[in-house]
Amino acid sequence: MTEGKMQLDPRTKLFLLLIANFLLFFHLGVRTEALFVIFLCVLLVLSGKSRTGFLGAVFYVSVLYVSNRVMAHNQTNFWAILGLMITFVEKFFPCILAGFFAFTTTKVSEWIASMQKLHFPRHIIIPLMVLFRFFPTVRADYHHIRNAMKFRGIAVTVFDVIKQPFLTIEYIFVPLLMSATNTALDLSASSLSRGISAPTAHSSYTNVEFQLQDWLVWGSILTIFALYGGR
Amino acid sequence: MITLEQLAFSYEQSAQSLRPLDLSIKEGECLVLCGKSGCGKTTFTRIINGLIPELYEGKLTGKGTVAGVKIGEAEIYEFAQKVGSVFQNPKTQFFTTEVRTELVFGCENLGIEKEEIERRLRETVAVFPIEQLLEKNMFQLSGGQKQMIAFAAAYMQQPDIFVLDEPSSNLDYQTIQLLGEQIAKLKKAGKTIIIAEHRLYYLKQLADRFLWLEQGQIKQLFSQEEFACLSESELHVKGLRTLRLEKMKRKQQHVQHAKLEEKLVIQQLTHRYQKKGQTVLEELNLTLSNQAIYGIVGSNGVGKTTLMQIICGLIKPSKGTIRLQGQVLKQRQLLKLSYLVMQDVNYQLFCETVEKELLLKATEPELFEEVVKSLNLQLLLKRHPMTLSGGQKQRVAVASALLSGKKIILFDEPTSGLDAYHMEQVSKLFGLLQRKGRFVLLVSHDVEFLAKTVQQIVHLQDKKMTQKTITEIPENGWYTIFK
Amino acid sequence: MKKSLKIQDLITIGVYAAIYFLAVCIGTFVSFLLLPGFSSIFTPAVTALVSGSVYVLLCHKVPKFGAITIVGIVMGLFFLLTGHFAVAFIPSIIFGILADVIASWGAYQSKFFTIASFTLFSYGLTGPILPLWFMKDAYVANLVSRGKDPSYIERLFTPINTGSFFVSMAATLIAGGIGGLIGYRIYKKHFQPTGVTE
């Protein structure tokens, strides 16, 4: 659809996310990790996120460099804590990058369509659709309520909130939950009247299909692991 | 197309009900349901689209069929193939986050093949003015655009019958015109259309029959001609809104002024959005008096909300000053002095009883008795605010503003979805605030309401503003200010 | 499984999950203010304090087995897809199921079981704490690969890790109880007697 930009199947992106997590769980060698991150950066550039791609690569390389220097020191308290922190950044970075890639390059409809393809039960898909749909509204509602509280002089400053934390919670959540009850009813009405409960197989308009680039990504990742796995 | 025999319904959880009624609606007919809030017109639409008794539970008796589907027996998805629905609130009726998926959602549910969906999509884009919206996200759209998408989404299901429940409630003048045009197209295509509505002026040429309901009962059935003959005062008695917007008279009220005139002077007000750096308001100068009620009008995105937020101290303008009686007010002082009654009042009620709500942070509790009496809240003091009707909630919010000594009271769309009676109540409420010497400003799309209520119009357009007293607006020309 | 979940129940679940997610955001933000850097330790506790009312109301709106489980799964998936705390989805699902079982013992009405279930559910957010351990291990592995002696690190961080683990678990337990009670109080005050009628 968008010219010049590579489109990957959401399932491939999910795979990348899982790999990133796998790296976090089973700390494999730096080489595997570095290759994976660079690969992600390339994918980002190809998908039209060149800024993030380049910055990500530069950032990661500098982190590796700093980490190397820190590790070279003797492990006194100071260097140990610094070492832990830098390890934190280094190890988390692949996850954050993969998450960013997956989320910013995929439409909600594509996630939903691929879940349907993966045969997720409707008991999961429908609430998840509602979550995606409703979360921006909840956020907007939250700001409306905070504004309304300002007019009334309730919990305006941080100090007010610390003084009466539980009352603040009540004043935020009661209007939120009240309006949620109505929204749930309205959303039910609109979806039921459009046949959401039909027992026949639902069709899917959004295209999600494995294409050449998806196979290439899977192939490259598996190659990286085959070559450098564990090192 | 639709036949109802002794059909009746009562809700499980509320006192509202629909008394037994007999009615048949022909194919290609356009029927308008009208009457006061709570008269049963929404209930009627819910029976036709099958949401009763599946979603709204209660006792359904009698018999009826809708395009061959049996009321009360058939599953709701069977209705979905015959009836397309549009609801009142544009914000809560879209189910997906993108325009395109929203349009095809119904077809996907009904298992329609992709090629057929494509074909329908092309057809729908030809009928509805939505082509430039297709690639957008639902959250980027204005209320009017969302409503148009909802209508188009119903059309995608290719139903024989359309059911519209107060579709114009949240729309501006121009979008209502557009809505009327779409209804006309469907009618021409031979669709059966049922509309529950408060605003009637845009339907008088479209509807074949008008069904007037009161307390769940059919009071009278009018043909188009008969209905057009009703005078404004006859409509008024029935609790209906005007049929003749183009002849709206400027109402020269006998304004009871506050004893002391005060002035709020806005000078050189400029505002840019922080993120995009885009200028919304440029060098506005405006003098407001507490002797008049001000209506702020203008099309979507012209900065009405921004102006209101600046006046009530929610945001700080990039440039400019606001003075009350010569004294410059800082943002924090404005916030203290003003109160915005939001379109959705639910956000601003916090307590478990009306009484506590009114006294929460009240700075002038000694006025309690007087305020309660003048806003007619005596009987509601022990109720939970959320169990009140929309109009009652609005009054509670205003009462709390008065008790906290607010000088400037702003309203955002105070009449969306109100019938004639409640609209007039809001109008009276404004008069009361004015007598108490408050500054009253409101943003509204509701032409009929503006004509009956305000004395000054502030028209925003292209970052600029023009101010008019209503006497400057030509006779018969009320709606021209929206063009 | 007496009653199965209807479409409108699923939608209600989604709506409450969204509000719960807002609570998580508030929880993350507040615990970040409390303890920048290691904020994830207290995220479950702070979220529990805030979100009791959401949970209690959901239990009363959809008193059927599966509702809480689905919230757990959906939250987990949402975390995974948004890349927030990608490892968080496993505890989120497991504790969701356990919480559902506990609440069902009280038929979703009993105050005791609902609060107990809520406390358990709050542990679903402990996923983000897990990396703290992996971090130490990763660090140690890194040192070993350089031929250095990791025993110092072990000595230094093991008590911190174990300590923070117990602090976090205890805080979540206490906050779960308190949050549940607050939730019940809000429910009683605003939602129970007359309910929201149209």
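Caption draft 1: Region of interest: the overall build of chain C. A tally of helices and strands in chain C yields 7 helices and 0 strands. If you list the helices and strands of chain C from N to C, you get α-α-α-α-α-α-α. Residues counted as buried form 60% of the 198 residues belonging to chain C. Summarising the internal contacts of chain C: among those between residues at least 6 apart in sequence, 76% fall at separations of at least 24. Here chain C displays about 7,600 Å² of accessible surface, and carbon together with sulfur accounts for 73% of that area.

Caption draft 2: Quick peek at the overall build of chain A. Within chain A, the secondary structure is distributed over 9 helices and 0 strands. Helices and strands appear in chain A in the N-to-C order α-α-α-α-α-α-α-α-α. Expected size for 231 residues packed as a compact globule is a radius of gyration near 17 Å; at 23 Å, chain A overshoots this value by more than 25%. Seen through its principal axes, chain A has C-alpha atoms that stretch 55 × 55 × 30 Å. Split into buried and exposed, the 231 residues of chain A put 54% on the buried side. The long-range share in chain A, meaning contacts at least 24 apart out of those at least 6 apart in sequence, stands at 76%. Accessible surface, chain A: about 10,300 Å² in total, of which carbon and sulfur atoms supply 69%. Taking the 19 positively charged and 11 negatively charged side chains of chain A as two groups, their mean positions are separated by 4 Å.

Caption draft 3: Representation of the sheet that holds strand β4 (residues 58–66) of chain B in the model. All names here are of chain B. Strand order in the open sheet formed by 4 strands is β2-β1-β4-β5, and the pairing between neighbours is antiparallel. The strands lining the two open edges of the sheet, one partner per strand, are β2 (17–25) and β5 (69–70). Judged from the 6 bridges that link them, strand β1 (residues 2–11) and β2 form a sheet pairing that is antiparallel. Bridged to Leu4 within β2 is Leu23. Along the sheet, helix α1 (residues 41–48) makes contact with β1, β2 and β4, crossing β1 at roughly 120°.

Caption draft 4: Structural detail: a nonpolar patch on the surface. Together, C:Phe29, C:Val30, C:Phe32, C:Leu33, C:Leu34 and C:Leu35 give the surface a local cluster of nonpolar side chains, amounting to about 580 Å² of exposed area. When you line up the elements, C:Leu35 lands in the loop between α1 (7–34) and α2 (43–61).

Caption draft 5: Representation of unusual backbone geometry within the structure. Omega for the bond connecting B:Ile52 with B:Pro53 falls within 30 degrees of zero, at 5°, which places this linkage in the cis form. Inspection of the secondary structure assignment puts B:Pro53 in helix α2 (residues 51–54). Positive phi, normally seen in glycine, also occurs at A:His119, with a value near 60°. Looking at the element boundaries, A:His119 is found in the loop between α5 (108–117) and α6 (122–152). Positive phi is not limited to glycine here, since B:Ala67 has a value of about 50°. Along the chain, B:Ala67 turns up in the loop between β4 and β5.

Caption draft 6: Highlighting the sheet that holds strand β16 (residues 338–341) of chain B. Residues and elements named next belong to chain B. The 6 strands are arranged β16-β17-β18-β13-β19-β20 in an open sheet whose pairing can be described as mixed. Each edge of the sheet is formed by a strand with only one pairing partner; in this case those strands are β16 and β20 (464–469). Sheet twist, expressed as the mean angle between neighbouring strand axes with direction ignored, is 20°. By the bridge criterion, 4 bridges tie strand β13 (residues 293–297) to strand β18 (residues 439–443) in an arrangement that is parallel. Counted as the bridge partner of Gly295 is Leu442 from β18. On top of the sheet, helix α15 (residues 420–435) reaches β13, β17 (408–412) and β18; it is set at about 150° to β18, its chief contact.

Caption draft 7: Just empty space enclosed by the protein, in detail. Per the counting criterion, the structure on display carries 9 cavities of 30 Å³ or more. In this structure, the largest cavity spans a volume of roughly 260 Å³. In this structure, the largest cavity is lined by 22 residues; those nearest its centre are A:Ile112, A:Gln116, A:Met129, B:Phe105 and B:Glu108. Listing elements by their share of the lining of the largest cavity, those giving two or more residues are α5 and α6 of chain A together with α4 (99–109) of chain B.

Caption draft 8: Here's a closer look at the interface of chain A and chain C. The interface is formed by 62 residues belonging to chain A together with 61 residues belonging to chain C. At the boundary of chain A with chain C, total buried surface from both sides reaches about 5,700 Å², with 80% on carbon and sulfur atoms. Per-residue buried area on chain A facing chain C is highest for A:Leu131, A:Phe173 and A:Leu177; these three make up 11% of the total on that side. Where chain A meets chain C, there are 2 salt bridges. Between A:Glu170 and C:Lys189 there is a salt bridge, with the nearest N and O atoms lying 2.8 Å from each other. The interface formed by chain A and chain C includes 2 residue pairs in polar contact (both at pLDDT 80 or more). Elements with a minimum of two residues in the side of chain A that touches chain C: α1 (10–25), α3 (50–72), α4 (77–104), α5, α6 and α8 (165–192) of chain A. Per-element tally for the side of chain A that touches chain C: the top contributor is α8(A), with 16 residues. A class-by-class count of the residues in the side of chain A that touches chain C yields 41 nonpolar, 17 polar and 4 charged.

Caption draft 9: Spatial organisation of the domain arrangement of chain A. All names here are of chain A. Taken domain by domain, chain A comprises domain 1 (10–107 + 210–228) and domain 2 (110–193). Each side of the interface is counted separately: domain 1 has 9 residues, and domain 2 has 6 residues. Of all residues in domain 1, Pro10, Arg11 and Lys107 bury the most surface against domain 2, accounting for 62% of the area lost on that side. At the boundary of domain 1 and domain 2, one finds 0 salt bridges. Applying the counting criterion to the domain 1 and domain 2 interface returns 2 residue pairs in polar contact (both at pLDDT 80 or more). In terms of residues, the side of domain 1 that touches domain 2 owes the most to one element, α1, which gives 4 residues. When the residues that make up the side of domain 1 that touches domain 2 are grouped by side-chain class, the tally is 4 nonpolar, 2 polar and 3 charged.

Caption draft 10: Local environment of the pairing of β17(B). Residues and elements named next belong to chain B. Judged by how many residues are buried, β17 sits mostly within the fold: 4 of 5 residues are covered. Bridge count for β16 against β17 is 4 bridges, and the pairing is parallel. Residue Val341 lies in a different strand from β17, and its bridge partner there is Phe411.

Caption draft 11: Representation of the environment of B:Asn285 in the model. All names here are of chain B. Counting through the fold element by element, Asn285 comes out in strand β12 (residues 279–289). Taking relative accessible area as the criterion, Asn285 reaches 40% and is therefore assigned partly exposed. Sequence spacing of Asn285 and Lys464 is 179 residues, and the spatial spacing of their C-alpha atoms is 9.4 Å. The residues touching Asn285, leaving out its near neighbours within four places in the chain, are Ile266, Gln267, Gln268 and Met465. Among the polar contacts made by the side chain of Asn285, one reaches the main-chain amide nitrogen of Gln268 at a distance of 2.7 Å.

Caption draft 12: Representation of the environment of B:Ala154 within the structure. Residues and elements named next belong to chain B. You can see Ala154 is positioned in helix α6 (residues 143–156). Each C-alpha atom of the pair Ala154 and Thr124 lies 9.9 Å from the other, and the pair is 30 residues apart in sequence. With near-sequence residues (within four places) excluded, Ala154 lies in contact with Gly84, Ser85, Val86, Pro159 and Phe162.

Caption draft 13: Representation of the state of the cysteines in the model. Under the criterion given, the structure shown has 0 disulfides over all chains. This cysteine, C:Cys25, is not joined by any disulfide, and A:Cys95 carries the nearest cysteine sulfur, 19 Å off. According to the relative accessible area criterion, C:Cys25 is partly exposed, its value standing at 33%.

Caption draft 14: Representation of the interface of chain A and chain B within the structure. In this complex, chain A contributes 50 residues to the contact, which on the side of chain B involves 59 residues. Here chain A packs against chain B, burying approximately 4,900 Å² in sum over the two surfaces, 62% of which is carbon and sulfur. Joining chain A to chain B, the criterion identifies 2 salt bridges. For the salt bridge of A:Arg152 with B:Glu357, the shortest nitrogen-to-oxygen distance reads 3.0 Å. At 16 residues, α6(A) tops the list of elements feeding residues into the side of chain A that touches chain B. Of the residues that constitute the side of chain A that touches chain B, the class distribution is 23 nonpolar, 20 polar and 7 charged.

Definitions and limits used
- Residues numbered from 1 in each chain as written.
- Chains lettered and ligands numbered in written order.
- Predicted model: local features only at pLDDT ≥ 70, side-chain atom pairs only at ≥ 80, totals over all residues.
- Heavy atoms only, no water.
- Helix = DSSP H or I, 4+ residues; strand = E, 2+ residues; numbered from the N terminus.
- Buried < 20%, exposed > 50% of the residue type's maximum accessible area, 1.4 Å probe, protein only.
- Contact = heavy atoms within 4.5 Å.
- Areas by Shrake-Rupley, 256 points an atom, 1.4 Å probe, with all protein chains shown as cover.
- Rg over C-alpha atoms; globule rule 2.2 N^0.38 Å.
- Lys, Arg positive; Asp, Glu negative; His and termini not counted.
- Charge placed at Lys NZ, Arg CZ, Asp CG, Glu CD.
- Pairing = 2+ DSSP bridges.
- Axes fitted to C-alpha atoms, helices over the stretch in contact; angles between N-to-C directions.
- Patch = residues over 30% accessible without salt bridge, like charges linked within 9 Å, V, L, I, M, F, W, Y side chains within 5 Å.
- Salt bridge = Lys/Arg side-chain N within 4 Å of Asp/Glu carboxyl O.
- 1 Å grid on protein atoms, 1.4 Å probe; cavity = no way out; pocket = protein on both sides within 12 Å on 5 of 7 lines; lining within 4 Å.
- Points joined across faces, edges and corners; volume = space filled by probe spheres on them.
- Buried area = accessible area lost by both parts, 1.4 Å probe.
- Polar contact = N/O pair within 3.5 Å; in protein donor to acceptor, adjacent residues only side chain to side chain.
- Nonpolar A, V, L, I, M, F, W, Y, C, P; charged D, E, K, R; others polar.
- Domains from an automatic or database assignment.
- Disulfide = S-S within 2.5 Å.

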